[in-house]
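Close look at the chain arrangement
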Amino acid sequence: RPFFLEGIGLFKFTLSRDPNTVQFNLPPMPGLSDLERQTAFWIMMFPNTAWFLLPNHLFLLFYRPDGPHLTIESADMLVHPNALELPGAQKEIDRVLDFWAMVNNQDIGAVEGVHKGLQSRAYPGGRMCYRFEEPVWRFQNMVIDLMTGKARTPPGDVKEEYAPLEEYADMNAE
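If you're wondering where the values come from, they're calculated on a predicted model, not measured in any experiment.

Section: the overall build of the protein
- Scanning the protein from N- to C-terminus turns up three helices and six strands.
- Here the protein holds 174 residues, and 21% of them are scored as buried.

In structure tokens, the structure reads:
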């Protein structure tokens, strides 16, 4: 479950040691502890920035709304200057960027599919999956609050809630 602090969403994961998973063959940043060399952080900063902090690089995404149905996205990747001195460094950096581009394109496809589905008359509005949509719901409420002059971070869900079954019956009757 993400940890939120004043508008910052944070996911922290221990990196896999499985050789069948993606490997980034760049040296880790200097000064990291053994634990930090094995940990990745995914940080969402309100309102429009994502930081993917891994031991050997930082990948950044910036989102800029450009109308009600379009968001412009840009990305950057930072590595320690020492990594640039290694043989084949640019090839490895390009490989890492290609990986993030592939992951990001998959995410964009999913987001576009959800956006299209939300336009359906069959969708009654509201959250579809409380467990996984809490960060999105909180983000949307931060935007709404700021637009109405309230600067606050909405609290998280205390427990999962489900729409009453009769709402689904009403939706299917249309």
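The discussion continues.
Re the environment of Ala83
- Considering the arrangement of structural elements, one finds Ala83 in the loop between β6 (71-78) and α1 (89-118).
- On the accessibility criterion, Ala83 (1% relative accessible area) is buried.
- Spatially, the C-alpha atoms of Ala83 and Pro28 are 8.5 Å apart, while their sequence positions differ by 55 residues.
- In this view, Ala83 contacts Leu26, Pro27 and Ala89; residues no more than four positions away in its chain are not counted.

Examining the nonpolar core
- Core analysis: the biggest nonpolar cluster contains 13 residues, and Phe52, Leu54, Phe59, Val96 and Trp100 have the highest contact counts within it.
- Elements supplying a minimum of two residues to this core: β4 (49-54), β5 (57-65) and α1.
- Look past the residues within four positions of Val96 in its chain and what remains in contact with it is Phe24, Leu26, His57 and Met77.

Side note on the pattern of salt bridges
- Inspection of every chain in the model, using the stated rule, returns two salt bridges.
- Its salt-bridge partner being Asp66, residue Arg64 comes within 3.9 Å of it at the nearest N-O pair.

Considerations on the confidence of the model for the protein
- Of all residues in the protein, 74% have pLDDT values of 70 or greater, and the mean over the chain is 78.
- Mean pLDDT across the secondary structure elements of the protein bottoms out at strand β1 (residues 3-5), with 39, and peaks at β5, with 93.
- Per-residue pLDDT stays below 50 along residues 1-8; that stretch engages in 21 contacts with residues further than four places along the chain or on separate chains.
- Between residues 162-174, whose pLDDT stays under 50, and residues either more than four places distant or in other chains, the model counts four contacts.

As for α1
- Relative to the 44 Å expected for 30 residues at 1.5 Å per residue, α1 spans 43 Å between its end C-alpha atoms, a close match to the ideal helical length.
- All buried positions along α1 are accounted for by Ala89, Glu92, Ile93, Val96, Trp100 and Asn104.

Focus on the side chain of His57
- Residue position: His57 is located in strand β5.
- Judged by its relative accessible area of 0%, His57 falls in the buried class.
- A polar side-chain atom of His57 sits 2.8 Å from a polar atom in the side chain of Asn56.
- At 2.9 Å, the side chain of His57 forms a polar contact with the side chain of Trp100.
- Each residue touching His57, except ones within four places of it in the same chain, is listed here: Phe24, Met29, Phe52, Met77, Leu78, Val79, Val96 and Trp100.

Reading guide: rules and limits
- Position labels on residues start from 1 in each chain and follow its written sequence.
- Residues qualify for local features only when their pLDDT is at least 70, as the model is predicted, and side-chain atom pairs are given and counted only at 80 or more; totals for whole chains, interfaces and linings, by contrast, use all residues.
- Side-chain numbers come from the whole structure's heavy atoms, not from hydrogens or water.
- Helix and strand labels come from DSSP, where a helix needs a run of H or I of at least four residues and a strand needs a run of E of at least two; each type is numbered from the N terminus.
- Relative accessibility decides the category of a residue: with a 1.4 Å probe and only protein chains considered, values under 20% of the type maximum give buried, values over 50% give exposed, and everything between is partly exposed.
- Whether two residues are in contact is decided by their heavy atoms: any pair within 4.5 Å suffices.
- The definition of a nonpolar core used throughout is a set of buried Ala, Val, Leu, Ile, Met, Phe, Trp, Tyr and Cys residues joined through side-chain atoms within 4.5 Å.
- Definition used for salt bridges: Asp or Glu carboxyl oxygen within 4 Å of a side-chain nitrogen of Lys or Arg.
- pLDDT measures the predictor's confidence residue by residue and takes values from 0 up to 100.
- Expected helix span is taken as 1.5 Å per residue step, with the number of steps being one fewer than the number of residues.
- Two N or O atoms form a polar contact when they lie within 3.5 Å of each other; inside protein one atom must be a possible hydrogen donor and the other a possible acceptor, and for residues adjacent in sequence the pair counts only when both atoms belong to side chains.

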